[in-house]
Structures are given as structure tokens and as C-alpha cells.
Amino acid sequence: GPRLPEERRRRRTRVSPLFSSAMFRFLTLAVVAALIGQSQALSRGFRAPSRRSTALRVIGTGGPGLQYNENNPEYNDPNMANIGSLSQKLDAADIERRKEEEARRQREQKMEIERAEKIRKRQHYMSIPDSQPVGSMRDFMYDADVEGVLRRLDETLIGLQPVKDRIKNLAHLLIVDQMRSSIDLETSIPSLHMCFTGQPGTGKTTVACRIGELLAQMGYCRQGHVVVATRDDLVGQYVGHTAPKTKEVIKKSMGGVLLIDEAYYLYNAANNRDYGQESIEILLNVMENQQDDLVVVFAGYKDRMEKFFGYIPGMASRVGNHIDFPNYGPQELVQIAELMANEMQYKLAPDAMPVFQEYISLRMNKPYFSNARTVRNAMDLARKKMALRLFEKATSPMGGGRIIGEELVTLTGADFAELLHQVRTATDDTILA
């Protein structure tokens, strides 16, 4: 009848219980397999497939494959560098943890060694009898040739007695430290960085050379040489230029003394973008961390150096020795002239002394006076006048062309007469030697 097609349709779509049970088991196994595969992928840290895997391509499209292949450049992904196995990440974290524990253990061991050393020194100090023989001060000074250095300081520098006293006090401090070290007492290197203030030509560079020689003799620096630098040697003209220049000068000075002349030019308070600040920061770092291998000496006019230290408090706290160089007196400048003449194998004739004394007395009150440098310039001009005088004598008909040895070493009053005339007739704006 009319219900027959509907009945057939129901029989065709009816699902047997056996088939339903099998389908349920299949789906359950598929879900379990998927979960197991996901857990394995997580344990591998989403590791890329092996090299043997190949990329599958969609048939008929010609596009890239669906599976990753690290050998195919089309599948290179920069983000894959961040993917690693979970075990590798744990190993790296464990390595970092072990490094931190090792660093902490080394710090604790160092502190323990320092505590033990302090206890040992304390016990050693308590065990030293008051009558413990150490040696004479003269023996230590002789071994380090301190007396020789101080003697040369007296010979090469006229006057400057306050400066010489400060240098001698520093030498005595270093000698006493060596005597303490000889019986294993605690010693510490004092701050040897210095500031020299004074007018030009007062012997600052010469004193720096003697200090370098003294420190080298006593073992406080390796070589004792002196490197003189200014702002042009330390500060660059563009970004990235200052640090290499400053470090190069410091490298040359290691083991000796770095004398920075007119150091206040390193800092320009009117320009916040000045490159000198970078040079100062490098110097501060070296002065603090390498003070046992480098002595830095700042030199310049006293008032300007005080402003310089006021702008940079960290610099002032690292400089423990401030030495002021006074101007020379007229008689001291005459003695300096005689010393220079002896060093150059000249001598001043009796008639040259009063002329030179008058010249110096007048020149001291004129602008641009530079103490010993002015004396040196005067001696050089006098030598030129002497050479001209001897040449004219030898080539004149009355001279006979003969010069004796005494004339080659004697500076007469006539050789200084022109200098005296210039200073007598000079005005305030005249530039003199």
C-alpha cells in the first residue's frame, strides 16, 4: 500500500547495535591516540621533524607542502630557532643554577680566606715583641736609592722648598710602609694621585719626572716614565672619538705618571654636550681601579683647578696630594740661569750678571711672565746674540778669523743688552720673550 516505501526507508536507515558499538570503540581509540600524540609532542617541545621527512604538496596546486622540511629553503622559519626540547631548556636552566651556586660558593670562600687572613695578621701583630729589630731607615733609603732621587731633586730645582718638603714627606711615608711590610704588618698604598697648581714655568713637569723616578725606585710603579697630555690628546671632535683617544693615552702611561696640563679644559660647564665629560669618566674609573699601576697628576692655575674640582666632586676625592708651586724670586731666577748655562756648558761673564739681574727684575712685572721658561727663552736669545757676535768678529778684517775656546763658552753682558733694552722700552701690550 502507500506505506510500503516509508517502511523500506526505515529499514534501510536503521543502524544495528553491533555497528554502533564498533563505531564508539573506534572513536574512543582515535581520541586516546590523539591525546597520546599531543603529550609526546609536548614532551619533545614541538621538535621539528627529522631530516628524512619530506614536504607534502597539495596535488594540483603546486604550492608548498603541508609538512615541515628543514632542508627545503621554502620552509625556513626564523621562529624555529626559538623552539627546543623541554629537556634542553631544563638542562640550560640547570647549568645557570650551577653557575650561580659556584659564584656564590667562590664569594663565600673568598670572604672566608679574607677573614682567616685578618685573624692571622692580628695574631701575628700581637705576637711581635716591642723590641723586634727591623733595620735602619738609612738602609731602606739606600736600597731604594731614595737619597739619590731627593738629591737630584735638590740639584735640578732651585728654590721651591715647600714642594721639596712635600715630596720628602711622601718618600718617608713610602719608606715606613716598606719597613712595616718587612715584618708582615698591614700596609696599604696611599693615594698617589696629585694636583699641581701654580704659574707656568715653576717646575711642575720636572717634579712629576722626579716623582715617577722615585716611585719606580721604590717599586710603586713599573717604569716611572712621564706622559704629558692636554685636552687635545684626550678629547675627540665627534661622537665615539673621545674614548679611544683617552684609552690610548692611558695605555701609554701605564706603569708611570700621566701629567694632564691645564686639566680644567677637560670640562666645559657651558656645554652639556661637550665630549670632555666622557674622558673624565674614563679617568675616574682608571684612577680608582688601577691606582697601583698609574699615578695621575693634574696641573694648572690654582683658581681654575679649584673650580674644576668643584664641578667634579668625584675627582677631588680621588686626589690626595695637592701641591702649590710658588713663583720664583729674582735671585732664584738668576740661579736658574746659571744652572741652565752649566747644563749647556756655558758660563756667565762677570759683566753679564748685573745686566741679566736687571732684565729679570723688570721682566717679572710685565705680562706673560713664565718664571723658568722666561729664563730659558732669555738664555736662548743670548746664545743667538753670542753666535752673531763671534761670527762678525771672525769675518771682520780686524778679527783675523780666529776664535778661542773661552769665547765659545762665555755669555757676556753685550749678549743680554738687547733683551734689557726691549724690556725697558716695552709697553703693557708688548709681547716679550
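The preceding data block contains the structure.
Just so it is clear, the model here is predicted, and its values are computed rather than measured.

About the criteria used
Residues numbered from 1 in each chain as written. Predicted model: local features only at pLDDT ≥ 70, side-chain atom pairs only at ≥ 80, totals over all residues. Heavy atoms only, no water. Axes fitted to C-alpha atoms, helices over the stretch in contact; angles between N-to-C directions. Helix = DSSP H or I, 4+ residues; strand = E, 2+ residues; numbered from the N terminus. Parallel < 35°, antiparallel > 145°, perpendicular 65-115°, else oblique. Left-handed = near helix turned anticlockwise from the far one by under 90°. Contact = heavy atoms within 4.5 Å. Nonpolar A, V, L, I, M, F, W, Y, C, P; charged D, E, K, R; others polar. Salt bridge = Lys/Arg side-chain N within 4 Å of Asp/Glu carboxyl O. Buried < 20%, exposed > 50% of the residue type's maximum accessible area, 1.4 Å probe, protein only. Phe/Tyr/Trp six-rings, centres within 6.5 Å; stacked < 30°, edge-to-face > 60°. Expected span 1.5 Å × (residues − 1). Pairing = 2+ DSSP bridges. Arc of directions from axis to C-beta.

### Some points on the packing of helix 14 (residues 352–363) against helix 15 (residues 372–395)
Packed helices, taken two at a time, are described by the angle between their axes plus the distance between the axes.
Okay, step 1: Contact pair helix 14 / helix 15: the axes reach a minimum separation of 12 Å and the direction vectors enclose 135°. Regarding the angle of helix 14 to helix 15, the classification is oblique. Helix-helix and strand crossings are classified by hand; for helix 14 and helix 15 the assignment is right-handed. Mapping the contact onto sequence places Phe356, Tyr359, Ile360 and Arg363 in helix 14 and Thr374, Val375 and Ala378 in helix 15.
Okay, step 2: Across the contact of helix 14 with helix 15, the residue classes break down as five nonpolar, one polar and one charged.

### Here we look at the pattern of salt bridges
If the charged atoms of two oppositely charged side chains come close together, the side chains can form a pair.
Okay, step 1: Scanning the entire structure with this criterion turns up 18 salt bridges.
Okay, step 2: The partner of arginine 97 in a salt bridge is aspartate 94, with the nearest N and O atoms 2.2 Å apart. Of this pair, arginine 97 and aspartate 94 are both found in helix 3 (residues 86–127), three residues apart, which corresponds to roughly one turn of the helix.
Okay, step 3: Among the ionic pairs, aspartate 293 bridges to arginine 222, the shortest N-O distance being 2.9 Å. Separated by 71 residues along the polypeptide, aspartate 293 in the loop between helix 10 (276–289) and strand 4 (295–300) and arginine 222 in the loop between helix 7 (204–217) and strand 2 (226–229) bring together distant segments of the chain.
Okay, step 4: Note on aspartate 293: relative accessible area 19%, which makes it buried.
Okay, step 5: Overlapping salt bridges bring together Asp94, Arg97, Arg98 and Glu101 as one network.

### Digging into unusual backbone geometry
Most peptide bonds take the trans form, and the phi angle of most residues other than glycine is negative.
Okay, step 1: Despite not being glycine, glutamate 262 shows a phi value in the positive range, around 50°.
Okay, step 2: By the element assignment, glutamate 262 lies in the loop between strand 3 (257–261) and helix 10.
Okay, step 3: Not every positive phi belongs to a glycine, and tyrosine 368 is a case in point at roughly 65°.
Okay, step 4: Turning to its location among the elements, tyrosine 368 is positioned in the loop between helix 14 and helix 15.
Okay, step 5: Assessed through its relative accessible area of 63%, tyrosine 368 is described here as exposed.

### A few points about the packing of helix 15 against helix 17 (residues 413–425)
Okay, step 1: Viewed as axis vectors pointing N to C, helix 15 and helix 17 meet at an angle of 125°, and their least axial separation amounts to 8 Å. Classified by the angle their axes make, helix 15 and helix 17 are oblique. Crossing handedness for the pair helix 15 and helix 17: right-handed. Touching Ala378, Met379, Leu381, Ala382, Lys385, Met386 and Arg389 of helix 15 are Asp415, Phe416, Glu418 and Leu419, all from helix 17.
Okay, step 2: The residue makeup of the contact of helix 15 with helix 17, split by class, is seven nonpolar, no polar and four charged.

### As for the packing of aromatic side chains
To describe a pair of aromatic rings, one takes the distance between the centres and the angle between the planes.
Okay, step 1: Enumeration over the complete set of coordinates arrives at eight aromatic pairs.
Okay, step 2: Centroid distance tyrosine 264 to tyrosine 265: 5.1 Å. Interplanar angle 65°. Geometry classified as edge-to-face.
Okay, step 3: Classification of tyrosine 264 by relative accessible area gives buried; the value is 8%.
Okay, step 4: Ring geometry for phenylalanine 356 versus tyrosine 359: centroids 6.2 Å apart, planes at 40°, classification tilted. Pair noted here: phenylalanine 356 and tyrosine 359 are both in helix 14, with a separation of three residues, about one helical turn.
Okay, step 5: Residue classification places phenylalanine 356 among the buried positions, given a relative accessible area of 1%.
Okay, step 6: Take tyrosine 359: its relative accessible area is 3%, and that puts it in the buried class.
Okay, step 7: Through a chain of ring-to-ring contacts, three or more aromatic side chains come together here, namely Phe298, Phe308 and Phe309.

### Remarks on helix 15
Okay, step 1: Given a rise of 1.5 Å per residue, 24 residues ought to cover 34 Å, and the 35 Å separating the end C-alpha atoms of helix 15 matches this to within 8%.
Okay, step 2: Every buried residue of helix 15 is accounted for by Ala372, Thr374, Val375, Ala378, Met379, Ala382, Met386 and Leu390.
Okay, step 3: Among the structural elements, helix 13 (330–343), strand 6 (347–348), helix 14, helix 16 (405–409), strand 7 (410–411) and helix 17 are those in contact with the buried residues of helix 15.

### Concerning the sheet that holds strand 1 (residues 194–198)
Okay, step 1: Read across the sheet, five strands follow the order 2-3-4-1-5 without closing on themselves; strand pairing throughout is parallel. Looking at strand neighbours, the two that pair on one side only are strand 2 and strand 5 (321–325), the edges of this open sheet. If you compare each strand with its neighbour and ignore which way they point, the axes differ by 20° on average.
Okay, step 2: Set on the sheet, helix 6 (residues 161–182) makes contact with strand 1 and strand 5; between it and strand 5 the angle comes to about 155°.

### Examining the pairing of strand 2
Okay, step 1: Only one face of strand 2 is buried, namely the one carrying Val227 and Ala229, since none of Val226 and Val228 on the opposite face is buried.
Okay, step 2: Strand direction decides the pairing type here: strand 2 and strand 3, joined by four bridges, are parallel. Bridging from a neighbouring strand, valine 227 pairs with leucine 258 of strand 3.

### Some remarks on helix 13
Okay, step 1: With 14 residues, helix 13 should cover 20 Å at 1.5 Å per step; its first-to-last C-alpha distance of 20 Å lies within 8% of that length.
Okay, step 2: Those residues of helix 13 that fall on the buried side of the exposure criterion are Leu333, Val334, Ile336, Ala337, Met340 and Ala341. Across the axial projection of helix 13, the buried residues extend over an arc of 155°, all falling on one side. Among the exposed residues of helix 13, those pointing more than 90 degrees away from its buried face are Asn342 and Glu343.
Okay, step 3: Contacts made by the buried residues of helix 13 are with strand 6, helix 14 and helix 15.

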